[in-house]
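Structure at a glance
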Amino acid sequence: MSQLKQTLTSIKWGKVLFFLLIVKPVVLIALGLNLVNRKGLPKNGPAILAANHTSHLDTLVLMSLYPLSQLHRVRPVAAADYFLKNKWVAWFSINCLDIIPIERDGKVAREELFKGCFDALENQQIIVFFPEGTRSLTEEREFKLKRGIHCLIQRYPDTKVIPIILHGLGKALPKGEALLVPFNCDVIVGDEMTHGDDVNEYLANLTAQYESLLTQCITNGKMVKSEEDQQTPDH
């Protein structure tokens, strides 16, 4: 009973209602999701959903994959300069998205910069983290990953890191646009990554994971054919 009470008090009901009444219906109706390996999503933390980033839809789609009963565990890392830019946006970001704000001006020491992330992992939460650090203007690009994700797992090495490729969301809601365009999209969930002390090697492995997952997307026109499909038919 005490655990149930603790769970109920930790739930932000504005967040639950926002996803129940708006996000989940929009994702279900407006976006045709090709979801691969849903079972690879961690049910408990500490965990990091490490995804590429091209649209504000990225966060909403990833969080919508979780049932409402687990949603209180899932929190996105978001830029403080954007999501806390005025009191109305800040209220929505904190109460409906439950963000972990992070400063991007480079003036904050690393310990303070990632304090919210450290606290979330300490509390066994699942954080949505974009290793590229910002949205890309195009879905076709080289992945330029930053060191932040390695900093997190160095502090909490038991953290599960799940690489995820999102494709098509940048066309459904491009950067700088406010109008959603219905579009088929891919969500490809990878397998848990192994940790490593060498940051360059770790980021190279994550990049390789992204490139491999991209081959499973149906919206980029570069999906690798299966062995059966590649066989020449007998004549």
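Right, let's walk through the structure included here. Bear in mind the structure is a predicted one, so any value in this text is a computation, not a measurement. (Residues numbered from 1 in each chain as written. Predicted model: local features only at pLDDT ≥ 70, side-chain atom pairs only at ≥ 80, totals over all residues. Heavy atoms only, no water.)

Regarding helix α5 (residues 87–97)
Filter applied, for reference: Relative accessibility decides the category of a residue: with a 1.4 Å probe and only protein chains considered, values under 20% of the type maximum give buried, values over 50% give exposed, and everything between is partly exposed. Strands here mean DSSP runs of E at least two residues long; helices mean DSSP runs of H or I at least four residues long; both are numbered from the N terminus. Two residues form a contact once any of their heavy atoms are found within 4.5 Å.
Of the residues making up α5, those classed as buried are Ala90, Ser93, Cys96 and Leu97. The secondary structure elements touched by the buried residues of α5 are α2 (13–30), α3 (57–64), β3 (74–79) and α4 (80–83). Two residues or fewer past α5, Asp98 is found with a positive phi of approximately 60°.

Some details on the pairing of strand β7 (residues 183–189)
The condition that has to hold: We call two strands paired when DSSP finds no fewer than two bridges between them.
In terms of burial, β7 is largely enclosed, as 5 of its 7 residues are buried. In this structure, strand β1 (residues 31–36) lies alongside β7, joined through 6 bridges in parallel fashion. Bridge pairing in β7 links Gly32 to Asn184. Sheet analysis places strand β6 (residues 160–167) next to β7, joined by 4 bridges and oriented antiparallel. Residue pairing for β7: Ile164 is matched across the bridge by Val189.

With respect to the nonpolar core
Side chains that are nonpolar tend, in soluble globular proteins, to be buried together. Basically, it comes down to this: Here, the term nonpolar core denotes a set of buried Ala, Val, Leu, Ile, Met, Phe, Trp, Tyr and Cys residues that are joined through side-chain atoms within 4.5 Å.
Counting 32 residues, the largest nonpolar core has Leu49, Leu62, Ile164 and Val187 as its most contacted members. Broken down by secondary-structure element, the contributors of at least two residues to this core are α2, β2 (47–51), α3, β3, α5, β5 (126–129), β6 and β7. With near-sequence residues (within four places) excluded, Leu62 lies in contact with Ala51, Val128, Ile164, Leu166 and Val187. With 31 residues, the next largest nonpolar core counts Phe129, Val161, Met193 and Tyr210 among its residues.

Describing the side chain of Asp186
Structurally, Asp186 is set in strand β7. If we skip the residues at most four places from it in the chain, Asp186 touches Asn34, Ile165, Leu166, His167, Cys217, Ile218 and Thr219.

Focus on unusual backbone geometry
That bond from Gly45 to Pro46 is cis: its omega, 0°, falls within 30 degrees of zero. Residue position: Pro46 is located in the loop between β1 and β2. Look at Asn37: it is not a glycine, yet its phi comes out positive at around 65°. Turning to its location among the elements, Asn37 is positioned in the loop between β1 and β2.

Some details on the packing of aromatic side chains
Put simply, the rule reads: Whether two aromatic rings pair depends on their centres lying within 6.5 Å, for rings of Phe, Tyr and Trp, where Trp uses its six-membered ring; planes under 30 degrees apart make the pair stacked, over 60 edge-to-face, and the rest tilted. Only when the NZ of Lys or the CZ of Arg is both within 6 Å of the ring centre and within 35 degrees of the ring normal is a charge said to sit over the ring.
According to the stated counting rule, one finds 5 aromatic pairs in the structure shown. Summarising the aromatic geometry, the rings of Phe18 and Phe19 are spaced 5.5 Å apart at their centres and angled 80° between planes, so their arrangement reads as edge-to-face. Take Phe19: its relative accessible area is 0%, and that puts it in the buried class. A ring pair is formed by Tyr82 and Phe83, whose centres lie 5.0 Å apart and whose planes are at 65°; its orientation type is edge-to-face. Taken together, the aromatic side chains of Phe18, Phe19 and Phe92 make up a single cluster linked through ring pairs. Above the face of the Phe118 ring, Arg155 is positioned so that its terminal group lies 4.1 Å from the ring centre.

What about the sheet that holds strand β4 (residues 100–102)?
Just so we agree on the cut-off: The axes used here are C-alpha line fits, helices contributing only the stretch in contact, and every angle between their N-to-C directions lies in the interval 0 to 180 degrees.
If you trace the 7 strands from one edge of the open sheet to the other, you get β1-β7-β6-β2-β5-β3-β4, paired in mixed fashion. Single-partner strands in this sheet number two, and they are β1 and β4. Here the average twist between neighbouring strands, direction ignored, is 25°. Together, β2, β6 and β7 form the strand contacts of helix α10 (residues 199–214), whose direction differs from that of β6 by roughly 40°.

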